[in-house]
Amino acid sequence: MSRASSHALKHPPVTAPSEPAGATVPFPELAVAIERQRRRGRGAQSNASGRFEAEARVTFDDGWQSLDELPPFKTTVALDTARKVITRNDSPDIGFDRSINPYRGCEHGCVYCFARPTHAYLGLSPGLDFESKLFAKPDAPALLERELAAPDYEPRMIAIGTNTDPYQPIERDRKIMRGILEVLEKAGHPVGIVTKSALVTRDIDILARMAKRNLAKVAISVTTLDPKLARTMEPRASTPSKRLEALRQMAGAGIPTTVMVAPVIPALNDSEIERILDAAAHAGAREASYVLLRLPLEVRDLFREWLMANYPDRYRHVITLIRDMRNGRDYDSQWGTRMKGTGPIAWMIGRRFEIACEKLGLNKRRSKLTTDHFARPKRSGQQLSLF
């Protein structure tokens with residue numbers, strides 16, 4: 001028998017942290033927390049198997065102190081050889097029907113990230129694997145150019161950063177996102193970007209030129225102004241001050257900017273809504289939006305683990321408020337309400353947001369992108385027109 005400390009069980013022993021009074025726990029959390037030094041600088045506390053795996057793996061000490069010999073989690077990057085790069089969706093409550101994700105997984109390590117469950121499709125954990133085992137799409141610019149050149153392609157805004165962050169740390173060297181922007185600029189195609197990274201300022205030159213033609217806008221997510229909370233909750237994302245500075249630089253370059261207060265977590269960062277909006281407005285943001293915390297699938301247990309480990313005194317209160325806004329559940333995926341929640345507390349958060357935006361002059365005008373400049377790229381071997 002190996003001295004390694006991994007044990008596979010169909011139904012591992014579970015222990016759930018203290019729950020709100022009267023609450024039921026249909027899916028208790030797995031006792032799979034990873035030792036702190038091994039996950040230093042990461043967001044998730046554990047690395048439980050994904051929902052499609054036949055076995056659940058639990059780490060335990062077998063008495064030989066072999067856990068001390070395990071190396072820390074290091075970021076690895078594999079290549080994703082996708083044949084297409086534009087992803088389509090028909091969700092009725094989001095404002096785009098197509099998107100691009102240059103990377104799978106995200107090193108930012110935001111514990112609340114709703115994209116974490118996608119790693120389960122790869123046979124990996126939505127926990128620490130999601131933020132340490134990444135996949136890059138180096139062919140994305142070439143694939144995009146080919147898809148835009150298709151005779152039946154109809155241009156509409158492409159959203160980037162709606163799943164994983166296109167400006168996460170590995171983009172600094174990979175420059176896949178910059179290559180995508182170069183293709184979009186050349187084709188005159190509109191793009192909307194969402195990020196929480198100050199690295200987006202690297203591409204101000206391209207984005208500013210596109211903005212002059214109403215082809216680009218950028219939204220920067222600011223979850224909190226508290227650097228300690230940010231580092232705990234979003235360990236490898238840019239600091240709040242860096243994000244505000246990025247907003248300032250983007251706005252100064254004439255690029256339409258939006259601040260996203262996302263996610264709003266009751267009893268944790270909801271008291272900062274007005275201050276975040278005020279700071280962003282002074283940095284030059286002209287539009288704003290917010291999203292209530294979402295806990296789909298494995299994200300629920302990952303967030304609960306993180307909350308118990310870092311804010312045990314608030315655990316019961318936070319979970320109770322979340323359920324009050326989700327019809328008594330941890331998450332309600334109903335279209336139309338999944339982003340904002342329901343009930344009096346969700347209503348109050350919405351009204352506070354609207355009042356603050358009104359006072360600060362945010363959302364007075366919505367920036368609109370155009371497809372008027374679209375020029376279909378020439379396909380390889382295509383004969384040029386004589387006229």
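The notes below deal with the structure included here.

**Considerations on the overall build of the protein**
Across its full length, the protein carries eleven helices and twelve strands. The buried share of the protein, taken over its 387 residues, is 52%. For the protein, the share of sequence-separated contacts (at least 6 apart) that also reach a separation of at least 24 residues comes to 79%. For the protein, the exposed area adds up to about 18900 Å²; of that, 53% sits on carbon and sulfur atoms.

**Notes on the packing of helix α9 (residues 298-310) against helix α10 (residues 315-324)**
A pair of packed helices can be characterised by two numbers: the angle between their axes and the separation between those axes. Direction vectors running N to C along α9 and α10 enclose 150 degrees, while the axes themselves pass 9 Å from each other. Together, Phe303, Arg304, Leu307 and Met308 of α9 and Tyr315, Val318, Ile319, Ile322 and Arg323 of α10 make up the contact between the two elements. Classifying every residue of the contact of α9 with α10 by side-chain character gives seven nonpolar, no polar and two charged.

**So, the sheet that holds strand β6 (residues 103-104)**
Ordered in space as β3-β7-β6, the three strands form an open sheet in which the pairing is mixed. With one partner strand each, in any of the chains shown, β3 (76-79) and β6 form the two edges of the open sheet. In terms of strand pairing, β6 meets strand β7 (residues 133-136) through two bridges, oriented antiparallel. If you follow Tyr103 over to β7, its bridge partner there is Ala136.

**Brief notes about the packing of aromatic side chains**
Per the stated rule, a full pass over the model turns up five aromatic pairs. For the pair Phe52 and Tyr121, a centre-to-centre distance of 5.2 Å together with 40 degrees between the ring planes defines the contact as tilted. Of the two residues, Phe52 sits in the loop between β1 (6-9) and β2 (56-59) while Tyr121 sits in the loop between β6 and α1 (128-132), which places them 69 residues apart along the sequence. Looking at Phe52, the relative accessible area reads 48%, which means it is partly exposed. Between the aromatic rings of Tyr290 and Phe353, the centroid separation amounts to 4.8 Å while the plane-to-plane angle is 50 degrees, which identifies the pairing as tilted.

What counts and what doesn't
- Residues numbered from 1 in each chain as written.
- Predicted model: local features only at pLDDT ≥ 70, side-chain atom pairs only at ≥ 80, totals over all residues.
- Heavy atoms only, no water.
- Helix = DSSP H or I, 4+ residues; strand = E, 2+ residues; numbered from the N terminus.
- Buried < 20%, exposed > 50% of the residue type's maximum accessible area, 1.4 Å probe, protein only.
- Contact = heavy atoms within 4.5 Å.
- Areas by Shrake-Rupley, 256 points an atom, 1.4 Å probe, with all protein chains shown as cover.
- Axes fitted to C-alpha atoms, helices over the stretch in contact; angles between N-to-C directions.
- Nonpolar A, V, L, I, M, F, W, Y, C, P; charged D, E, K, R; others polar.
- Pairing = 2+ DSSP bridges.
- Phe/Tyr/Trp six-rings, centres within 6.5 Å; stacked < 30°, edge-to-face > 60°.

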